[in-house]
Amino acid sequence: MPSKNTKFYSVILITADFFVLLAAFTAAYILRVQVDSRPLLNPIYAFDYLMMALTILPLWIIVFATLGLYSSQTYNRRLSEWGRIFIGVFIGILVVIGWEYFTGKTFFPSRIAALYAFSAALILVILGREIMRLMRTIAFRYGIGISRVLIIGHSAATEDIAQALANTGKSGYQIIAMATPKKYVPYRQGITHYSSIETALNNIKAQRIDTIIQTDFEEGQVNEKILSAAQINHVRYNFIPGNPEFYTGKNTIDVFLGYPMITVSQTPLVGWGAIAKRIFDIVVVIITSPIWGTLLALTWLLQKLFNPGPALYSSTRLSQFSKPITFYKFRSMGAQYGSKDAAEEFMEMGREDLAKEYLRNRKVKDDPRITPLGRFIRATSLDELPQILNVLKGDISLVGPRPILPQEVDFSPNKTALLHSVKSGLTGLWQVSGRSNLSFEDRIELETFYAQNWSFLLDLKILFKTVKVVLFRNGAR
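Fair warning: this is a prediction, and the values are worked out from it, not measured in the lab.

Quick notes on the rules
- For every chain, the first residue of its written sequence is number 1, and the numbers climb from 1 along that sequence.
- Local features in a predicted model are, by the rule used here, given only for residues with pLDDT of at least 70; side-chain atom pairs are given and counted only at 80 or more, and totals for whole chains, interfaces and linings are based on all residues.
- Side-chain numbers here rest on the full set of heavy atoms in the structure, without hydrogens or water.
- Strands here are runs of E lasting at least two residues and helices are runs of H or I lasting at least four, both read from the DSSP assignment and numbered beginning at the N terminus.
- Each residue's exposure class comes from its accessible area (1.4 Å probe, protein chains only) as a fraction of the maximum for that residue type: buried when under 20%, exposed when over 50%, partly exposed otherwise.
- We call two residues in contact when some of their heavy atoms are within 4.5 Å.
- Each accessible area is a Shrake-Rupley result for a 1.4 Å probe, and residues are judged covered by the shown protein chains and nothing else.
- What makes a salt bridge here is a side-chain nitrogen of Lys or Arg within 4 Å of a carboxyl oxygen of Asp or Glu, nothing more.
- For two strands to count as paired, DSSP must find a minimum of two bridges between them.
- Throughout, an axis means a line fitted to C-alpha atoms (over the contacting stretch in the case of helices), and angles, computed between N-to-C directions, take values from 0 to 180 degrees.
- Among buried residues, those of type Ala, Val, Leu, Ile, Met, Phe, Trp, Tyr and Cys that are joined through side-chain atoms within 4.5 Å constitute a nonpolar core.
- Here the angle decides the label: under 35 degrees means roughly parallel, over 145 means roughly antiparallel, 65 to 115 means roughly perpendicular, and every other value means oblique.
- Two helices that cross are described as forming a left-handed crossing if the nearer one is turned anticlockwise from the farther one by less than a right angle, and a right-handed crossing if clockwise.
- Under the convention adopted here, Pro, Cys and the residues Ala, Val, Leu, Ile, Met, Phe, Trp and Tyr are nonpolar, Asp, Glu, Lys and Arg are charged, and Gly plus all remaining residues are polar.

Visitor: Any chance you could explain the overall build of the protein chain here in plain terms?
Guide: Along the backbone of the protein chain there are 19 helices and eleven strands. For the protein chain, with 477 residues in total, the buried portion stands at 44%. Considering only intrachain contacts with a sequence separation of at least 6, the fraction spanning at least 24 residues in the protein chain is 67%. Working note: accessible area of the protein chain is about 25900 Å², and carbon and sulfur atoms make up 63% of it.

Visitor: Looking at this structure, how should I read unusual backbone geometry?
Guide: In terms of backbone geometry, most residues other than glycine have negative phi values and most peptide bonds are trans. Even without being a glycine, His234 presents a positive backbone phi close to 55°. Although it is not a glycine, Ser381 adopts a positive phi angle of roughly 65°. For Ser381, a relative accessible area of 14% gives the class buried.

Visitor: It is not clear to me how the pattern of salt bridges should be interpreted in this structure. Could you clarify?
Guide: When their charged atoms lie close together, side chains carrying opposite charge are able to pair. Evaluation of the coordinates by the stated rule reveals 14 salt bridges. Note that Lys277 and Asp459 form a salt bridge whose closest N and O atoms lie 2.5 Å from each other. Note that Lys277 is positioned in helix H10 (residues 272-287) and Asp459 in helix H19 (residues 456-472), a separation of 182 residues in sequence. Residues Lys277 and Asp459 agree in their burial class; the two are buried.

Visitor: Help me understand the sheet that holds strand E3 (residues 192-194) in this model?
Guide: Where strands meet in a sheet, backbone hydrogen bonds hold them as pairs that are either parallel or antiparallel. The strand order E3-E2-E1-E4-E5 describes an open sheet built from five strands, whose pairing is parallel. Because the sheet does not close on itself, it has two edges, and the strands there are E3 and strand E5 (236-239). Sheet twist, expressed as the average angle between the axes of neighbouring strands with direction ignored, equals 25°. Looking at chain direction, strand E1 (residues 147-152) and strand E2 (residues 173-179) are connected through six bridges and run parallel. Its bridge partner being in E2, Ile152 is matched across the sheet by Ala179. Across the face of the sheet, helix H6 (residues 156-165) comes into contact with E1, E2 and strand E4 (211-214) while running at roughly 150° to E2.

Visitor: I tried to follow the nonpolar core on my own but got confused; where do I start?
Guide: Residues Leu21, Phe25, Tyr49, Trp60, Phe64, Phe107 and Phe108 are the most contacted members of the largest nonpolar core, which totals 38 residues. Secondary-structure elements contributing two or more residues to this core are helix H1 (4-35), helix H2 (46-66), helix H4 (78-103) and helix H5 (111-141). Beyond its immediate stretch of four places on either side in the chain, Phe25 contacts Tyr49, Ala53, Leu57, Trp60, Val96, Phe107, Phe108 and Ala117. If you look at the next biggest cluster of nonpolar residues, it comprises 26 residues, including Leu269, Phe327, Phe330 and Leu429.

Visitor: Would you mind showing me how to read the environment of Asn42 here?
Guide: Summarising the element assignment, Asn42 is placed in the loop between H1 and H2. As for Asn42 and Pro109, which are separated by 67 residues in sequence, their C-alpha atoms are 4.6 Å apart. With sequence-adjacent residues up to four places away left out, Asn42 is seen in contact with Thr106, Phe108 and Pro109.

Visitor: What is the right way to look at the pairing of strand E8 (residues 312-318) in this model?
Guide: Along any regular strand the residues' side chains alternate between the sheet's two faces. Pairing of E8 with strand E9 (residues 324-330) involves seven bridges; the strand directions are antiparallel. If you follow Arg317 over to E9, its bridge partner there is Ile325.

Visitor: I'm lost on the pairing of E2 in this one. Help?
Guide: When you tally the buried positions in E2, you get six out of seven residues, the bulk of the element. Across three bridges, E2 lies against E3 in parallel orientation. Following the sheet pairing, Ala177 is matched in E3 by Thr192.

Visitor: Is there a simple way to think about the packing of H2 against H4 in this case?
Guide: Any two packed helices are characterised by how steeply their axes cross, that is the angle between the axes, and by the distance between the axes. For the pair H2 and H4, the least separation of the axes is 9 Å and the interaxial angle reads 135°. Viewed along their axes, H2 and H4 adopt a mutual orientation that is oblique. The handedness of the crossing between H2 and H4 is right-handed. Counted together, Met52, Thr55, Ile56, Leu59, Trp60, Val63 and Phe64 of H2 and Gly88, Val89, Ile91, Gly92, Ile93, Val95, Val96 and Trp99 of H4 form the full contact between these two elements. Its residues placed into classes, the contact of H2 with H4 shows twelve nonpolar, three polar and no charged.

Visitor: Can you walk me through the packing of H4 against H5 in this structure?
Guide: Relative orientation of the contacting elements H4 and H5 amounts to 150°, with a least axis distance of 10 Å. For the element pair H4 / H5, the angle class is roughly antiparallel. By crossing handedness, the relation of H4 to H5 is classed as right-handed. For the pair H4 and H5, contact is made by Arg78, Glu81, Trp82, Ile85, Phe86, Val89, Phe90 and Ile93 and by Ala114, Ala117, Phe118, Ala121, Leu122, Val125, Ile126, Arg129, Glu130 and Arg133, respectively. When its residues are assigned to classes, the contact of H4 with H5 shows 13 nonpolar, no polar and five charged.

Written out as structure tokens, the structure reads:
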């Protein structure tokens, strides 16, 4: 929701970045010319260096702007901001090198000065951004630069947005009034509740409202009245669809036959993102092949020695677009088990209690079908290693929703369709968030969230957390 305040903050960031980058170039020059005693490759006077820096810095600011570093969607997310700063500084150094090539002028006194400039710029820009973030938070707490908000709506999204904006010191928004059912109003003093939208609109000036947020379409001419009130009172109007499908996945806005059209994709993992993810999978598998190859061979040997029968267990699972795949695991159960549904096998064993537990949770706490070695390889997740073959085949990805059994589709058909908009994964949110300690419904919710909110950063977080979970055996069963 861009506002005058966010635009003003962006201008402040541009100014701050300019002077911080100038300080970084200055620090690089001092380090190389005055601190580093080695002979200079290209002696450059300080004044000439400064003039060239002032010429180049606007190009760096343009690079930063292109990467979205002056957008609230970026600077309100610390990790995303840091990642883009790294990319921006790296591209900025390349810009300097390109500038030297095309102008024939020499900017850095030596090659190492470029490294000094890169390091100083990265550290100082991040430090400057953190100081700016702290100053903005302090300003919000004192009521400086905040937006006074009227929220209109009648859905769960109305409550979610109100709760998210309730902390003015963090959000920069102060909820002044809400035209919504009373149950959606946060328990907080100072919020005026209106049961009538018309009454709320009539009090916009009296309460000095400068932002209206509407979360649901209203009946009749009410929508036009809300928009008209925003225009007459010269306040910002924002419509946020209450249906979560409108703000998850990948959405684009275009004009179709003169009308605004919202195109909603089930997942952001489409197009080049899917191609890049596949390349990433192959590269990681190849690089780590000495590790997983050794573990694969050792586990295979243990299976032959202590668990007679086939070393591998294969079953049919559903992956992307509900496509059946042959799923590989090291066999952790007795050779006579696994060919039927677990509930049916428990009934044949005379364990009706376990059959009921499995039908309720899609897992059992103490599965008598598992061998002693099987318990070990499950606890250490070694039974999952053969799925590397599925990754290489392209059946699944390193990170994604867990492949489900065909019969599990019936438990949540709508969620399953969304979950299968992306490739299944060797690991995922389920594995790093409790695994067997979570119910089947919780697992589906987590993995649906992944499908709707995929990013490379999320994949990296899950991979690192997977290593931690495997080492400490959290939730494995």
